[in-house]
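Report on the structure
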Amino acid sequence: MSSLGPPPLPPGWTEHVGPGGQPYYYHAGTQESTYIRPFPSFPIISQAIVPQPPKKKDKPLLKTPIPGTEWLRVKTTEGNIFYSHKVKKQSLWTVPDEIKDVVEAFERAEEHENAQAKQQQQAKQKEVEKLSFEEEQELNRVKAEMQGLVKRKAEEPEPLDEVVISKKARVEEEEEEDEGEEDEDGDDEESEEEEWQREAAAQLAAEAEEERKRKEEEAKEAEEAEARKMQEKERSQLNMPERVDLSIEEAKALFKTLLREKDINPLHPWDTSLPLFISDPRYVLLPSVSARRDAFDEYCRDRAREIRQQNVKKEKAEANPKEEYDRLLSEEVKSTRTSWSDFRRTWKKDRRFYGWGRDDREREKRFKEYLKELGEKKRAAAEKAETDFFALLRESGTVRSDSSWKDVKRKISHEARYDAVGSSSLREELFQTFLKAHGSSSSYSASVPSRDEVEKTEGASEDSERRRREKKEQALKEREDKVRAERSRMDAEIGRSKMSLNTEEGEREFRTLLTDAVRDPQTTWESILPQLKTDPRFHNSPLSVNQQLPLFRSHMSQLQTKHLGSLYSLFQAHAPSLATPFSALPLESLSKSLPVTKLALGQRDLQIEYDRWQRERTFECRKAFDEMLAENSFVEFWGRLGKIGGEGAGGGVKADDLGEDEGEGFGGNVDMKVLAKNVDLSDIEKVLKNDKRYIMFEHVREQRERWLRVMRWLHPLTVTLVALSSCVFAQDANVHKVKHDYQSDVSRLRKIVINSLYSNRDVFLRELLSNANDALEKLRLTALTEKSVWDGVSPLNVTIKAEKNPDGEGGRIVITDTGIGMTAEELTNNLGTLAKSGTSDFLARAEGEDATGTGNLIGAFGLGFYSSFLVADEVVVASLPPPSSKNSNPIQTIFSSSTNEGSFEIYPDPRGNTLGHGTEITLYLTSDASHYLLTSNLMKLVNQHSGFSTAFPIYIWNEVEEEVPEEDEKVLLGDNEGKPIDADEDEDEAVVEEEQEIEPASPKMKKVTVGKWEHLNSQPPLWMRDPKTVTDEEYELLYQASFKDFQKPLAWHHFHGDSESGVSFRALLYIPSRLSEDYFNKPLDASTKDVRLLVKHVLITSDLGEYSLPKWASWVKVIIDADDLPLNVSRETLQSSSFLKQIKQIIIRRLIQLFSKIAEDDQEKYAEITKVYGTVLKLGAAEDNKNREKLAALVRLSTNQRNGTSFDSYLENRKQGQKQIFYLADMGKSIEHLSQSVFVEKLHARGYEVLLLNEPLDEILLQSLRNWKGIPFQDVAKAGLNFGDDTTEERDTLVELTEKYAPLLEWLKVEAGDNVKDVVVSNRLVTSPCAVVADSMGFTANVQKLMSATSRGAQQNDFMQDYMKKQKVLEINPRSPLIEGLLEHVEQLIADGDDKDLDAEAQLKEVASILIDGALVRSGFEVSNSNMFLARVDRVLRRSLGVSETAPTDDTVKPAPPVDPELPTDIHMGDEKMFFGLPDEMKGGNPFELEMEEIDEEGNVIRDEL
């Protein structure tokens, strides 16, 4: 029985195999594809199944992106086309509707390109055919010539001897030609003999060539036989059958073994290595070339890695890592102030760094040891230098008790021991010490005492010498102690600043790490820790685990908040009404949504979240409903009020005169309260029925009506108040007025202050320290009038201490001051009342009592205390005022309050009077504020906001680990936790301990935690002092500490003044030693971040907003401290104030004054400033119209005679009659190159000074200035150059030369064409033959470069630019021999007329073209056709060297390999990574999701509020 096959396909349909192996059907005419087999329209005829070859798998061949979309057009190996979406992973065989227009436009563009390519191909084909035809003709011509030669040769008579020797049967010819041969003369016989010898030699050579070829074939056959034997031998050794059934992995392993046996170089490409192993039978084990290539690539990667590891091991075995690390330290670390973080950041990728040591801790330990060794070496060198200096003074013999240092220095300054002491001030100090040590009796003169005198005074001077030595040692010791103390203080300051900076960088880097690694909001610290440890950023982080955990919790909180927001958006979409129950939601789709999946919410948890969201939503809707009632409750009332009649009673209003029966009042009096009670609810509902806030409660109409009725009962009182206010305009002024106080919901207002007033909760410490300062200042001021409150001896300070809970979670911060303190009543008034400022009350009382001063009091609004609830759940305040005449026996009282309570408690402190006097604030931190327990974070906040806010010392309790003897551990931990000791007492105790110091034995050491109080605000606000009392070192230390720039500033300016608005201020202005990298990289960013604006020493802002400095001055660093400014309540931002606008102008004016002062007083320093800020000053002079002349006077430029020239100094050096300032501009060229320019040669030869400008801003600056003090600028590369001393004789000479060179000028003008507008005789050239200058209305070469760099310059069809570029003039030098010779040839050419030599004319034109193009290049312009110009130069060079101009160059090149017929599925990219790589565990084929978030510069996630 015959089986039936599938029906035949209809016409036009073809069958193919898809990427997944499934057959599909495609119609070429309609471009339609389907997986269902189409049936024909005619009857199906049964037929036997004919076995068909397997269909080829249809694979993607060419992927083309559709412009402007995310679609790809994919062409398969079978010629089919389908469309794929990169993001949606969607494929269609037809064109998607959304990109039909784009695809049509794209296909039209492709057709146009294909047509052009086809035309080009046809043109190339025609050229090839033409060349082939020419070659064929040439070949036919050669063949014809050779055939004619052979024919002539055959027709020539051949001598008999040649016939005999060549053994050719030519008997008949010999008989016919014997008579002719006998008639030949002797010469013909000799030529025939030579020709016969040549033919014989050619025949012998041909026989030898045939013999050689035969031998080569035999040798080749022998080699092939030998190769077959070797292959058979190897095959027998490998015991490989003809057919081997191996898996792909086994075959790949054998192939790699083959490559290892052949020792294939992994750096060689496939084509180079293939001949080495292609003859091996194992080559064919892999089924395809692509599989062999893949195996070859894997072998190369593995082999290269092995070789690299072997080399590393070899280098490690040969080198000593410890010595290499020590050598790195000795070569690179030259200063003991070098920090480990800087050293590690610079050398962490160097093998000498990471080649030694287990980890960074060991390397850091060795680094610190080396610093100690380096310090000892430098200390020893310094001591030796001082000893040698004393010896030098002693040996000089010129030092007397009355000697001056200047005289002695002049005599010994040439000595090396003098230079060994690096500081001049130190030399003078040592000299004074030397004088003190030797006293007046030591006289070192040139005369040497006699031996008898020495012996006589030897005994008497021994005691004196010993005393001098002791004094000297004591003085040296005191100086060493002083220097050591100062150095320790400075190192501590720098260390604290760097620690703060490293912590900030570490936090930012760790936040970035968390953003990259943690995307799941359910992740725990323990589960993510192994993954974090694989990242180098985790190991290199300077943060401890206690610092990392809060950042991790904050990141997880942000993730959860983000996904909760997305979940609430889904709720909003599916539940538009408040009446929507949870069961009505599409739970199946919600459970599969991304927020629910990320938050791992079950159905129960999802319902809880929904209920919470509904409660919050209901609360918000009810609040909106109340607001709606407040807005619309008077609508119905005012509508009826217009019809009220009568005079009114008890607040009634007179009605309009509407007639007898009109109006609800019908005349008489109307009681407003009674009228208000009769308001109908239906009237209100008519007004509110279309309001969305009213409709939201449609599901609870009864409750909504009750709310309206409650509103109606409250309505009469409201109406009465409105009516009373309305009657003010109508009633007599004697009517009794009722005044009411505003009321507020105190607890709600407190929440607003806590949650909405401050934008950054870091300010809580600033506010509390400001309060503490006010308390201390109040105590000091009160003590001026009442001595009993303070004895003047007890310390006035502020202390901060962070205490962690024993369980390790949470803790508290205790802030204590020894200020004025508060009673129970004052605690209630000041802390229990919002916006109650105790400081303001104190100032009012002080002004009323005519106090001597008000001190530095900061408080103003009475809200700073509530900032403590930003970080604390509970705040406990213990306060005790000092005894006074009003309260001789005060009691310590506690104020307690929490965040969620609307009340506070006040009660006596059960601990008793523990404070003495002052206030203690204890903050019990929230879970998300535990990072404030780190002492380093608190130090950073104090230094950032309150480092200068108070003159009273601020101490912080800091605990560090130290090694101490085991028996002394209790002593160190005993009483060291008390109050900080004043500096004077501590210093005295230190002296006593130093005198009683006994060198102990070496006990057993143990690490313990030792706490001590550290002084935070030791650096005073220098700007408040007199500039005469501040040293340069103090200015530099303040700059480094404030702006975190550890390079010394170039200059600074300390000033004070009053603004026009009456605000007094003091300021410090610094000029940094360098510009930041972003200054020129971000030309549009003119924000000012280094202007620190303080109010009463408290930092307010570093951003001046719209009044920020201009771009040219945005780099300046300024500290401004104002006495008072209008602040917002949070004291974080300034209200709009004219002071900001004025301070901008003040900073710019002072900055220009500082530059001007340095330029006048210190030329060397100003030269250093110009190196850094020269371009900035040019930018300012070009942009700032108001200060343009002042800034331009500060600009320094180079000339052909000197460097660092100002415009004023140029005018001082100008020649008599010079009415122009000459300059030449060519950006990017060196000053030496410009000084040798063709335009400068005559000016330089005559002694004129020319400004040489090589920066882009130079030309812009001069175009902005146009003239300087009335003298215009003249570009020497343009027409209009005027020396100012031209005579009539010189002008007549120029006219004569123009007439003489007229033929050449006309001829050159024709040859130059469009390159120049005119050709003239020049008076500005000396040695150069010619030059191209811009016309007065044209562009110079430098201006053309500037225009080309702009967007407008890139436009090629700008008519005005083209016109300006063509305004060039060619000037020739009539004294140049080249020009004179060219004139002679042109005159000769004109004289010859029609008989002129065409070759000579062509050469002359070529010379002229080279001359013109060379003048363009020399003048800075571009030639119109550089290839033609270089070709002419090439011909001239050939001609000068005697080489043929038409001699061809060998252009034989190796052709490219043929086209690869197979498209590789995977292209190996080497070590280069495209986009991003997947970890190995994610490459298993399982589906996964990638979630990406945008972060800002500080690592915070940017959220889209929409």
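1. Quick word on the overall build of the protein chain
Looking only at helices and strands, the protein chain features 49 helices and 28 strands. Taken over 1506 residues, the protein chain has a buried fraction of 36%. Sequence separation of 24 or more characterises 68% of the internal contacts of the protein chain that already satisfy a separation of 6 or more. Summed over its atoms, the accessible surface of the protein chain is roughly 93900 Å², and 50% of this surface lies on carbon and sulfur atoms.

2. Topic: the packing of helix H48 (residues 1398-1418) against helix H49 (residues 1426-1441)
The N-to-C vectors of H48 and H49 enclose an angle of 125°; their axes lie 10 Å apart at closest approach. Accordingly, the angle class assigned to the pair H48 and H49 is oblique. Judged by the sense of rotation from one axis to the other, the crossing of H48 with H49 is left-handed. Between H48 and H49, the residues in contact are Gln1403, Glu1406, Ser1409, Ile1410, Asp1413 and Gly1414 and Phe1429, Arg1432, Val1433, Arg1435, Val1436 and Arg1439, respectively. Class assignment for the residues of the contact of H48 with H49 results in 4 nonpolar, 3 polar and 5 charged.

3. Comments concerning the pattern of salt bridges
As enumerated under the stated definition, the model contains 57 salt bridges in all. One salt bridge in this structure joins Arg352 and Glu331, with 3.3 Å as the shortest N-O distance. On the criterion of sequence distance, the pair formed by Arg352 in helix H10 (residues 351-354) and Glu331 in helix H8 (residues 321-332) is long-range, its members being 21 residues apart. When salt bridges that share partners are traced, they join Lys322, Asp326, Arg366, Glu369 and Glu373 into one network.

4. Quick notes on the side chain of Gln547
Along the polypeptide, Gln547 turns up in helix H18 (residues 545-574). When its relative accessible area of 12% is taken as the criterion, Gln547 is described as buried. Of the polar contacts made by the side chain of Gln547, one reaches the backbone nitrogen of Ser544; its length is 2.9 Å. In this structure the side chain of Gln547 is engaged in a polar contact, spanning 3.4 Å, whose partner is the side chain of Ser936. Setting aside anything within four residues of it in sequence, one finds Gln547 in contact with Thr503, Pro542, Leu934 and Ser936.

5. A look at unusual backbone geometry
With phi around 55°, Ala600 is a residue other than glycine that occupies positive phi space. Looking at where Ala600 falls in the secondary structure, it is placed in the loop between helix H20 (594-599) and helix H21 (603-632). Taking relative accessible area as the criterion, Ala600 reaches 52% and is therefore assigned exposed. Residue Lys1269 is not a glycine yet carries a positive backbone phi of 55°. If you trace the backbone, Lys1269 turns up in the loop between strand E24 (1267-1268) and strand E25 (1271-1275). Given a relative accessible area of 60%, Lys1269 falls into the exposed group.

6. Comments concerning the sheet that holds strand E1 (residues 13-17)
Reading across the sheet, the 3 strands line up as E1-E2-E3 and stay open at both edges, with antiparallel pairing between neighbours. Each having just a single partner strand, E1 and strand E3 (32-34) make up the two edges of the open sheet. Here the average twist between neighbouring strands, direction ignored, is 25°. Here 3 bridges tie strand E2 (residues 23-27) to E3, and the two strands are oriented antiparallel to one another. The residue of E3 that forms the bridge with Tyr26 is Ser33.

7. Regarding the sheet that holds strand E16 (residues 1051-1058)
The strand order across the open sheet built from 5 strands is E16-E17-E20-E18-E19, with neighbouring strands paired in mixed fashion. Looking at the sheet topology across the chains shown, the edges are occupied by E16 and strand E19 (1098-1101). Pairwise comparison of adjacent strand axes, ignoring direction, gives a mean angle of 25° for this sheet. Summarising the sheet, strand E17 (residues 1064-1071) and strand E20 (residues 1117-1122) pair through 6 bridges and their orientation is antiparallel. Opposite Phe1065, over in E20, you have Ala1122 as the bridge partner. Its contacts with the sheet put helix H36 (residues 1138-1161) on E16, E17, strand E18 (1091-1095) and E20, and the angle it makes with E17 is roughly 45°.

8. Details of the side chain of Gln1274
In this fold, Gln1274 is placed in strand E25. A polar atom in the side chain of Gln1274 sits 3.5 Å from the side chain of Gln1220. Setting aside residues up to four positions removed in sequence, Gln1274 forms contacts with Gln1220, Ile1221, Phe1222, Tyr1223, Ala1279, Gly1280 and Leu1281.

9. Brief notes about the pairing of strand E13 (residues 918-925)
The buried fraction of E13 amounts to 7 of the 8 residues, a majority that puts the element mostly inside the structure. In this structure, strand E9 (residues 811-817) lies alongside E13, joined through 6 bridges in antiparallel fashion. Bridging from a neighbouring strand, Ile815 pairs with Ile921 of E13.

10. Quick notes on helix H34 (residues 1032-1043)
When the terminal C-alpha atoms of H34 are compared, their 17 Å separation across 12 residues agrees well with the 16 Å that a helix rising 1.5 Å per residue should span. Taken together, the buried positions of H34 are occupied by Tyr1035, Glu1036, Leu1037, Leu1038, Tyr1039, Gln1040, Ser1042 and Phe1043. Two residues or fewer after H34 comes Lys1044, characterised by a positive phi angle close to 55°.

11. Looking at a positive patch on the surface
A grouping of Lys1141, Arg1149, Lys1186 and Lys1190 is seen on the molecular surface, where their side chains present a positively charged patch. Secondary-structure assignment places Lys1141 in helix H36. Given a relative accessible area of 52%, Lys1141 falls into the exposed group.

12. A look at the nonpolar core
Membership of the largest hydrophobic core comes to 79 residues, with the highest contact counts inside it found for Ile1071, Trp1112, Trp1115 and Ile1120. Counting residues per element, this core draws most heavily on H36, which supplies 12 residues. If sequence neighbours within four positions are ignored, Ile1120 has contacts with Phe1065, Arg1066, Ala1067, Val1091, Arg1092, Leu1093, Leu1094, Phe1139, Ile1143 and Ile1147. With 42 residues, the next largest nonpolar core counts Phe865, Ile921, Leu925 and Leu1016 among its residues.

13. Let's talk about the packing of aromatic side chains
According to the stated counting rule, one finds 42 aromatic pairs in the structure shown. For the pair Trp270 and Phe277, a centre-to-centre distance of 5.9 Å together with 65° between the ring planes defines the contact as edge-to-face. Residue Trp270 is classed as buried on the basis of its relative accessible area, which comes to 7%. With relative accessibility at 0%, the residue Phe277 sits in the buried group. Between Phe1155 and Tyr1173, the aromatic rings sit 6.5 Å apart at their centres with planes inclined by 55°, giving tilted as the arrangement.

14. Details of the packing of helix H37 (residues 1163-1183) against helix H42 (residues 1256-1265)
As a packed pair, H37 and H42 sit with axes 9 Å apart at the nearest point and diverge in direction by 35°. Of the two possible hands of crossing, H37 and H42 adopt the one that is left-handed. For the pair H37 and H42, the contacting residues are Thr1175, Lys1178, Leu1179, Ala1181 and Ala1182 in the first and Leu1257, Asp1258, Ile1260, Leu1261 and Ser1264 in the second.

15. Some thoughts on the environment of Gly792
In this fold, Gly792 is placed in the loop between helix H28 (763-785) and strand E8 (798-804). Overall, Gly792 belongs to the partly exposed group, its relative accessible area being 46%. Each C-alpha atom, one on Gly792 and one on Arg780, is 8.7 Å from the other, the two residues being 12 residues apart in sequence.

16. Remarks on the environment of Pro1049
Structurally, Pro1049 is set in the loop between H34 and E16. Overall, the relative accessible area of 7% leaves Pro1049 in the buried class. Every residue in contact with Pro1049, bar those within four places of it in the chain, is listed here: Glu1036, Tyr1039, Tyr1070, Ile1071 and Ser1073.

17. What about the confidence of the model for the protein chain?
Confidence in the prediction for the protein chain averages 75 pLDDT; 73% of positions are at 70 or higher. Across residues 42-51, confidence stays below pLDDT 50; counting only partners more than four residues off in sequence or on other chains, it has 11 contacts. In the model, residues 638-670 has pLDDT below 50 throughout and makes 54 contacts with residues more than four positions away in sequence or in other chains.

Reading the values: rules and limits
- Residues numbered from 1 in each chain as written.
- Predicted model: local features only at pLDDT ≥ 70, side-chain atom pairs only at ≥ 80, totals over all residues.
- Heavy atoms only, no water.
- Helix = DSSP H or I, 4+ residues; strand = E, 2+ residues; numbered from the N terminus.
- Buried < 20%, exposed > 50% of the residue type's maximum accessible area, 1.4 Å probe, protein only.
- Contact = heavy atoms within 4.5 Å.
- Areas by Shrake-Rupley, 256 points an atom, 1.4 Å probe, with all protein chains shown as cover.
- Axes fitted to C-alpha atoms, helices over the stretch in contact; angles between N-to-C directions.
- Parallel < 35°, antiparallel > 145°, perpendicular 65-115°, else oblique.
- Left-handed = near helix turned anticlockwise from the far one by under 90°.
- Nonpolar A, V, L, I, M, F, W, Y, C, P; charged D, E, K, R; others polar.
- Salt bridge = Lys/Arg side-chain N within 4 Å of Asp/Glu carboxyl O.
- Polar contact = N/O pair within 3.5 Å; in protein donor to acceptor, adjacent residues only side chain to side chain.
- Pairing = 2+ DSSP bridges.
- Expected span 1.5 Å × (residues − 1).
- Patch = residues over 30% accessible without salt bridge, like charges linked within 9 Å, V, L, I, M, F, W, Y side chains within 5 Å.
- Lys, Arg positive; Asp, Glu negative; His and termini not counted.
- Charge placed at Lys NZ, Arg CZ, Asp CG, Glu CD.
- Core = buried A, V, L, I, M, F, W, Y, C linked by side-chain atoms within 4.5 Å.
- Phe/Tyr/Trp six-rings, centres within 6.5 Å; stacked < 30°, edge-to-face > 60°.
- pLDDT = per-residue confidence, 0-100.

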